[in-house]
Amino acid sequence: MSNYLSVTDEEKKQMLESIGVKTADELFADINKDLWLRKLNMPDGKSQQEVMEIMSDLAAKNKVYRSIMRGAGAYWHYTPSAVKNLAGRSEFVTGYTPYQAELSQGVLQSIFEYQSMICQLTGMDVSNASVFSGATAAAEGILMCEGQRKKVLVPDNINPETTAVIKTYLSRKGMEIIPLPVVDGLVNYDALRGMVNQEIACIYFEQPNYFGLIEDAEEIVRIVHDCGGKVVTGCNPLSLALLKSPGECGADIAVGDAGCFGLPLSFGGPYIGFMACTAKEMRRLPGRIVGETLDKNGKRAYVLTLQAREQHIRREKASSNICTNQAHCALTAGIYLAAMGPNGLKEVSTSCTSMAHYAAEEMVKVGATLKYSEIQNGDVIKGEFFHEFVTVHKGKAAKIIERLAKDDILAGLELDKNEILWCFTEMVKKEDVDAAIEAVRRG
């Protein structure tokens, strides 16, 4: 442990003498003494026992829910113990940043495996090593489409936090956001046909969208491609176990947040933004990309490819502001995907959508109204959704949420005094869903 202890007074004295000064204050002689901070306003140190007691008291102030029915971009999923144990191994949590490939083969391989699985899920040709979050991935995906065209279509049914990040990014790039109208919670395809032209660089839409609805992705792609624009699809990667992938729908770029793959909610992060694209767009893909090759002895090896490290350091030549990746989050997501496999992923997705459809149908029976969807005899005849949906309660949204909170259940997100955006994952038990249905019935 001696390597981690502060230097002694004698060592400090020797260091000062070696540079020709007697005290540390002499090092700061050129700074006005009025600016010197002589003493920090910090409490005295405490014992480990006292610190644990203080932290326990603080933690006890948190509201802990036994069930969570809120999504809107952050989703409550089960993480197998194997994922936590493997991702927590010291070889991974102290992994070397992959600047020099020869020193980082293990980390590079884990990233390569993650990239490969993201490509399989999205139906794309190339994935990067990850970016900060789903929102930044969306903004970076749009910037990939920058060129002579400077206008971007963004519908009004995407996550408002993602919209805010996109606006921040594009405001400094001279690109203009054109709001795209929606009808019944979905992209207005007629309006889209009338808005696409030679000035439109791309469209960014989400699948499923913020209200949980499933868009006609192939129609959106066809309309935009007909005018030479590009398509950036933001997607919940878990839904891709059931829905057509962005690649199958013809999209150019697929982005999203992979926090649902083994990462806990953790009071809001960290999460992991994924980015994948077709081979045609791969030269514009930001961030690090790991490739597989052979070394001089013919053995498999991993390297950073397509881009030089300097591309992320020299600001004036950088194509994006992404200089690193969520390596450990990507590792965790990769372990989760490998542990679950295609069948396991499909089971989780099916469980989510089945529970959500059950909840929606039963809420309608007790008096709620589905804002965008319609269900008859167990079948969705309008507004198909994955695992989120919006209900209308005539001014009683807050009361329903409060009633469930008393039962230690975090209800859906209150969109306004009338509407609640619900989310149901494989973690929500049927008895908790029934409790939510009863709360809706009581209003």
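Below is a short write-up of the structure.

Conventions used here
Residues numbered from 1 in each chain as written. Predicted model: local features only at pLDDT ≥ 70, side-chain atom pairs only at ≥ 80, totals over all residues. Heavy atoms only, no water. Phe/Tyr/Trp six-rings, centres within 6.5 Å; stacked < 30°, edge-to-face > 60°. Helix = DSSP H or I, 4+ residues; strand = E, 2+ residues; numbered from the N terminus. Buried < 20%, exposed > 50% of the residue type's maximum accessible area, 1.4 Å probe, protein only. 1 Å grid on protein atoms, 1.4 Å probe; cavity = no way out; pocket = protein on both sides within 12 Å on 5 of 7 lines; lining within 4 Å. Points joined across faces, edges and corners; volume = space filled by probe spheres on them. Nonpolar A, V, L, I, M, F, W, Y, C, P; charged D, E, K, R; others polar. Domains from an automatic or database assignment. Core = buried A, V, L, I, M, F, W, Y, C linked by side-chain atoms within 4.5 Å. Contact = heavy atoms within 4.5 Å.

Thoughts on the packing of aromatic side chains
Two measures describe an aromatic ring pair: the distance that separates the ring centres and the angle between the ring planes.
Here is step 1 of the chain: Inspection of the entire model under this criterion finds eight aromatic pairs.
Here is step 2 of the chain: Where Phe211 meets Tyr372, the ring centres are 4.9 Å apart and the plane angle is 35°; that geometry is what we call tilted. Of the two residues, Phe211 sits in the loop between strand E7 (200–207) and helix H9 (217–226) while Tyr372 sits in the loop between strand E13 (369–370) and strand E14 (374–376), which places them 161 residues apart along the sequence. Neither residue differs from the other here; Phe211 and Tyr372 are each classed as buried.

Focus: empty space enclosed by the protein
Here is step 1 of the chain: Evaluation of the coordinates by the stated rule reveals two cavities of 30 Å³ or more.
Here is step 2 of the chain: Reported here for the second largest cavity is a volume of approximately 40 Å³.
Here is step 3 of the chain: Contributing to the lining of the second largest cavity are Gln207, Ala217, Thr233, Cys235, Leu240, Leu243, Lys244, Pro246 and Cys249.
Here is step 4 of the chain: Elements supplying a minimum of two residues to the lining of the second largest cavity: strand E8 (230–235) and helix H10 (246–249).
Here is step 5 of the chain: The class makeup of the residues in the lining of the second largest cavity is six nonpolar, two polar and one charged.

Focus: the layout of surface pockets
Here is step 1 of the chain: Put simply, the largest pocket is a space of about 780 Å³.
Here is step 2 of the chain: Lining the largest pocket are 36 residues, with Ala72, Gly73, Ala74, Asn159 and Asp257 positioned closest to its centre.
Here is step 3 of the chain: When contributions to the lining of the largest pocket are tallied by element, the ones reaching two or more residues are helix H6 (134–143), helix H7 (160–170), E7, E8 and strand E9 (253–257).
Here is step 4 of the chain: In terms of residue count, the dominant contributor to the lining of the largest pocket is H7 (four residues).
Here is step 5 of the chain: Among the residues forming the lining of the largest pocket, the class breakdown is 17 nonpolar, 15 polar and four charged.
Here is step 6 of the chain: Each of domain 2 (67–77 + 342–442) and domain 3 (81–335) gives at least three residues to the lining of the largest pocket.
Here is step 7 of the chain: Considering only enclosed or pocket space, the second largest pocket measures out at about 610 Å³ in volume.
Here is step 8 of the chain: Of the residues assigned to the lining of the second largest pocket, the class counts are 14 nonpolar, six polar and three charged.
Here is step 9 of the chain: Each of domain 2 (67–77 + 342–442) and domain 3 (81–335) accounts for three or more of the residues forming the lining of the second largest pocket.

Topic: the nonpolar core
Here is step 1 of the chain: Counting 47 residues, the largest nonpolar core has Leu192, Ile203, Ile220, Leu238 and Phe261 as its most contacted members.
Here is step 2 of the chain: Among the elements that make up this core, the one with the highest residue count is helix H11 (residues 327–365) (ten residues).
Here is step 3 of the chain: The residue makeup of this core includes at least three contributed by each of domain 2 (67–77 + 342–442) and domain 3 (81–335).
Here is step 4 of the chain: With residues up to four places along the chain from it excluded, the contact list for Leu192 reads Leu153, Leu180, Val187, Ile203, Ile220, Ile223 and Val224.
Here is step 5 of the chain: In this structure, Ile68, Phe389, Val390 and Ala436 belong to the second largest nonpolar core, which totals 37 residues.

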